[in-house]
Amino acid sequence: MQQLPEVSSLREAVQTVISSNKKDGYPPTRFIQITSVNDAELTGVCSKVIMKPESLTTLYIAICGNHPELLTIEDFIAVYGENWGFHTDIIKEAQRRRNQFDEWAKRTRYFQ
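All of these numbers come straight from a predicted model, not from anything done at the bench.

Rules behind the numbers
Residues numbered from 1 in each chain as written. Predicted model: local features only at pLDDT ≥ 70, side-chain atom pairs only at ≥ 80, totals over all residues. Heavy atoms only, no water. Helix = DSSP H or I, 4+ residues; strand = E, 2+ residues; numbered from the N terminus. Rg over C-alpha atoms; globule rule 2.2 N^0.38 Å. Buried < 20%, exposed > 50% of the residue type's maximum accessible area, 1.4 Å probe, protein only. Core = buried A, V, L, I, M, F, W, Y, C linked by side-chain atoms within 4.5 Å. Contact = heavy atoms within 4.5 Å. 1 Å grid on protein atoms, 1.4 Å probe; cavity = no way out; pocket = protein on both sides within 12 Å on 5 of 7 lines; lining within 4 Å. Points joined across faces, edges and corners; volume = space filled by probe spheres on them. Nonpolar A, V, L, I, M, F, W, Y, C, P; charged D, E, K, R; others polar. Axes fitted to C-alpha atoms, helices over the stretch in contact; angles between N-to-C directions. Parallel < 35°, antiparallel > 145°, perpendicular 65-115°, else oblique. Left-handed = near helix turned anticlockwise from the far one by under 90°. Phe/Tyr/Trp six-rings, centres within 6.5 Å; stacked < 30°, edge-to-face > 60°.

Draft legend 1. Just the overall build of the protein chain, in detail. Within the protein chain, the regular secondary structure consists of 6 helices and 2 strands. In the protein chain, the succession of α and β elements from N to C terminus is β-α-α-α-α-α-α-β. What you see for the protein chain is a C-alpha radius of gyration of 13 Å, in line with the 13 Å of a compact globule of 112 residues. Considered along the principal axes of its C-alpha atoms, the protein chain spans approximately 35 × 25 × 25 Å. Put simply, the protein chain has 112 residues, and 47% of those count as buried.

Structure (structure tokens):
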């Protein structure tokens, strides 16, 4: 279990996810592509990622495979989403996914 990194913005959270994933040997190529938008569009892009079933499948394969400690944008939005203007439904889904990721990893991956 690791402490969730402190971030001050959604952009910083995205950059932290990318950096952490690379450090863990998980190439976040698709995440980098879809988050390469201006800051005004980032909330919408991240909302779509969280609500997209295919992203859950990709993360399942990674977390159950060689990357049980994988840091995700859901980890941050579950905690900071309200401050960053995310809709309640998106925050709840991020929290649900975060709990699911911990179940897949068979431990709490990050605490705040």
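Draft legend 2. Structural detail: the nonpolar core. Leu 10, Ile 73, Phe 76, Ile 77 and Trp 84 are the most contacted members of the largest nonpolar core, which totals 23 residues. Those elements that place two or more of their residues in this core are α1 (10-23), α3 (39-51), α5 (73-80) and α6 (88-105). Beyond its immediate sequence surroundings of up to four residues, Ile 73 is in contact with Leu 10, Ala 13, Val 14, Val 17, Phe 31 and Cys 46. Core analysis: the second largest hydrophobic core is formed by 9 residues, Ala 62, Ile 63, Phe 101 and Ala 105 among them.

Draft legend 3. Structural context of the layout of surface pockets. Its boundaries defined by the atoms lining it, the largest pocket holds a volume of some 430 Å³. Only α1, α2 (29-34), α3, α4 (53-64) and α5 provide two or more residues apiece to the lining of the largest pocket. Among the residues forming the lining of the largest pocket, the class breakdown is 11 nonpolar, 5 polar and 5 charged.

Draft legend 4. Expanded view of the packing of α1 against α5. Interhelical geometry of α1 versus α5 gives an angle of 150° and a closest axis separation of 9 Å. On the basis of their axis angle, the class for α1 and α5 is roughly antiparallel. Crossing hand, α1 versus α5: right-handed. Listed contacts from α5 to Leu 10, Ala 13, Val 14, Thr 16 and Val 17 of α1 are Ile 73, Phe 76 and Ile 77.

Draft legend 5. Structural view of the packing of aromatic side chains. In the structure shown here, the tally under the stated rule is 3 aromatic pairs. Consider the rings of Phe 101 and Trp 104, whose centres lie 5.6 Å apart with planes at 40°: the pair is tilted. Pair noted here: Phe 101 and Trp 104 are both in helix α6, with a separation of 3 residues, about one helical turn. With respect to burial, Phe 101 and Trp 104 carry one shared label: buried. Three or more aromatic residues joined by ring pairs make a cluster, and in this case those are Tyr 60, Phe 101 and Trp 104.

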